[in-house]
Amino acid sequence: MKSKNVIITVITTLVFLSCATNPFTGKQTMALVPNSQLFPTAFQQYDQFLSENKVIKGTADAEMVKRVGQKIAVAAERWLNANGHVGYLNDYKWEYNLVDDKAVNAWCMPGGKIVVYTGILPITKGEAGLAAVLGHEVSHALANHGQQRMSASMLQQIGAVGLNVALQDNKNLGLFNQAYGIGSQVGVMLPFSRSHETEADTIGLTLMAIAGYNPEEAVELWKRMSAQGGQAPPELLSTHPSNESRIANLKALVPKAKEEARKFGVTSFKQN
Ligand SMILES: [Zn+2]
């Protein structure tokens, strides 16, 4: 009984000491693994993923992924700098790769490592549609959603892993891969919570608008996405929020995203 109490105290302290502030919401969030440990692991896992998959280089689509990704990254930096978070992206090493895979998916790992699967391009259609997807994925990374998801599952398994939260531990590396959706199998990745999805939608809409893309295209993208029906991709079509509420929410946020972009001198917005 006594040792149980000690364990609970240690875990509570660990969680208390392991918080990070989300610059977009000001909320304290759980971060059991510091970015100084998370980023090198992410970079390593990203390189491994690229070496095991077919990366498309030099095509118009591959160039588009880089172009749009860069614009979203620049928009994020401008927004963070303007809102008192200078240096937030210092340890980011942005990379944007198109991978030949029919999965309708895209993701961004900690530190700005992005993968877009060719399977999503028929749905994104043009640059603005892709900007909506990348805005959303980059926002998950910026707000450390994967970190929180991984920390939560680590905490659940803390009995098994002890207090060793080092990522070198194979079990934790598995949790890392689950949390960040590496691999494209449905169900392997832990889902983001409804609030994380809504947060990523909201931040992503602002980023795409600052990058010069019409945020209304995000609404159109999700309509096309929901028309996909049962073929739910692992990240983008997680069941929460429902497509209807997501589309309604995005629609309502479009004027605010445009207004935010105008603060950065963006007055015209590219259609898809
Ligand atoms: Zn998401």
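Sequence positions are assigned chain by chain, starting from 1 and proceeding in written order. Per-residue local features are limited, in this predicted model, to residues with pLDDT of at least 70; the limit for side-chain atom pairs, both in listing and counting, is 80 or more; totals at the level of whole chains, interfaces and linings are taken over all residues. Derived side-chain values reflect all non-hydrogen atoms in the structure, with water molecules and hydrogen atoms excluded from consideration.

With respect to the overall build of the chain
Stage number 1. A run of H or I in DSSP counts as a helix once it spans at least four residues, and a run of E counts as a strand once it spans at least two, with each numbered from the N terminus. Per the secondary structure count, the chain includes 11 helices and six strands.
Stage number 2. Exposure classes here rest on a 1.4 Å probe applied to the protein chains alone. A residue is buried below 20% of its type maximum, exposed above 50%, and partly exposed in between. Burial status across the chain gives 53% buried among its 272 residues.
Stage number 3. The contact rule is simple, with two residues in contact once any of their heavy atoms fall within 4.5 Å. Summarising the internal contacts of the chain: among those between residues at least 6 apart in sequence, 72% fall at separations of at least 24.

Considerations on the sheet that holds strand β6 (residues 113-117)
Stage number 1. Being paired, for any two strands, means DSSP has found at least two bridges between them. If you walk across this open sheet you meet the four strands as β3-β4-β6-β5, and the pairing is mixed. Among the strands making up the open sheet, the edge pair consists of β3 (55-56) and β5 (106-109).
Stage number 2. The sheet contact formed by β5 and β6 spans four bridges and is antiparallel. Looking at β6, one finds that tryptophan 107 is bridged to valine 115.
Stage number 3. An axis is simply a line fitted to the C-alpha atoms; with a helix, the fit covers only the stretch in contact. Between two such axes, the angle follows the N-to-C directions and lies from 0 to 180 degrees. Here helix α3 (residues 60-82) sits on the sheet and contacts β3, β4 (95-99) and β6; the angle it forms with β4, its principal contact strand, is near 150°.
Stage number 4. Those strands touched by helix α5 (residues 127-142) are β5 and β6, and its axis lies near 35° from that of β5.

Remarks on helix α2 (residues 35-52)
Stage number 1. Here α2 spans 25 Å end to end across 18 residues, near enough to the 26 Å set by a 1.5 Å rise per residue.
Stage number 2. Those residues of α2 lying buried are Leu38, Phe39, Thr41, Ala42, Phe43, Gln45, Tyr46, Phe49 and Leu50. Take the number of residues in a helix, subtract one, and multiply by 1.5 Å to get its expected span.

Here we look at the environment of serine 36
Stage number 1. Among the secondary structure elements, serine 36 is positioned in helix α2.
Stage number 2. Serine 36 sits in the exposed class, given a relative accessible area of 61%.
Stage number 3. Measuring from C-alpha to C-alpha, the distance between serine 36 and aspartate 91 comes to 8.6 Å, with 55 residues separating the pair along the chain.

Quick look at the environment of lysine 125
Stage number 1. One can find lysine 125 in the loop between α4 (121-124) and α5.
Stage number 2. Judged by its relative accessible area of 57%, lysine 125 is exposed.
Stage number 3. Separated by 96 residues in sequence, lysine 125 and leucine 221 place their C-alpha atoms 8.6 Å apart.
Stage number 4. Apart from the residues within four sequence positions on either side, lysine 125 is in contact with Arg224 and Asn272.

Regarding empty space enclosed by the protein
Using a probe with the size of a water molecule, rolled over the atoms, empty space left in the structure can be pinpointed.
Stage number 1. The pocket and cavity definitions rest on a 1 Å grid over protein atoms only: a 1.4 Å probe that fits but cannot leave marks a cavity, an open set with protein on both sides within 12 Å along at least five of seven lines marks a pocket, and residues lining either have an atom within 4 Å of a point. Grid points are joined across faces, edges and corners, and a volume is the space filled by probe spheres set on the points. According to the stated counting rule, one finds three cavities of 30 Å³ or more in the structure shown.
Stage number 2. Approximately 60 Å³ is the volume attributed to the second largest cavity.
Stage number 3. Contributing to the lining of the second largest cavity are Ala132, His136, Ala200, Asp201, Gly204, Leu205, Met208, Ala218, Trp222 and Leu250.
Stage number 4. Put simply, the parts of the chain that give the lining of the second largest cavity at least two residues each are α5, α9 (194-210) and α10 (216-227).
Stage number 5. With five residues, the top contributor of residues to the lining of the second largest cavity is α9.
Stage number 6. Here the residues of the lining of the second largest cavity are counted per class, giving seven nonpolar, two polar and one charged. For this classification, the nonpolar set comprises Ala, Val, Leu, Ile, Met, Phe, Trp, Tyr, Cys and Pro, the charged set comprises Asp, Glu, Lys and Arg, and every other residue, Gly included, is treated as polar.

Overview of the nonpolar core
Within soluble globular proteins, side chains that are nonpolar tend to cluster in buried spots.
Stage number 1. In this structure, Val68, Ile72, Val115, Val116, Leu142, Leu205 and Met208 are the most contacted members of the largest nonpolar core, which totals 71 residues.
Stage number 2. A per-element tally of this core places α3 first, with 10 residues.
Stage number 3. When residues no more than four places from it in sequence are discounted, the contact partners of methionine 208 are Ile72, Ala128, Ala131, Ala132, Tyr213, Asn214, Pro215, Glu217 and Ala218. Only buried residues count toward a nonpolar core, which is a set of Ala, Val, Leu, Ile, Met, Phe, Trp, Tyr and Cys residues joined through side-chain atoms within 4.5 Å.

Details of the packing of aromatic side chains
Stage number 1. Only the six-membered ring of Trp is used, alongside the rings of Phe and Tyr, when aromatic pairs are assigned; centres must lie within 6.5 Å, and planes under 30 degrees apart are stacked while those over 60 apart are edge-to-face, with the rest tilted. Tallied over the entire structure, the rule returns seven aromatic pairs.
Stage number 2. Ring plane angle 80° and centroid distance 6.1 Å describe the contact between tyrosine 46 and tryptophan 107, whose orientation is recorded as edge-to-face. One end of the pair, tyrosine 46, is in helix α2; the other, tryptophan 107, is in strand β5, with 61 residues separating them in the sequence.
Stage number 3. On the basis of relative accessible area, tyrosine 46 is assigned to the buried category, the value being 0%.
Stage number 4. Looking at tryptophan 107, the relative accessible area reads 3%, which means it is buried.
Stage number 5. Look at phenylalanine 49 and tryptophan 107: their rings are 5.1 Å apart centre to centre, the planes differ by 75°, and that puts the pair in the edge-to-face class. Of this pair, phenylalanine 49 sits in helix α2 while tryptophan 107 sits in strand β5, and the two are 58 residues apart along the sequence. Taken as a pair, phenylalanine 49 and tryptophan 107 share a single burial class, namely buried.
Stage number 6. An aromatic cluster of three or more residues is present, and its members are Phe39, Phe43, Tyr92, Trp94 and Tyr96.
Stage number 7. Over the face of the ring belonging to phenylalanine 43 we find lysine 113, whose NZ or CZ atom lies 4.8 Å from the ring centre. When the NZ atom of lysine or the CZ atom of arginine is within 6 Å of a ring's centre and also within 35 degrees of its normal, the charge is said to sit over that ring.

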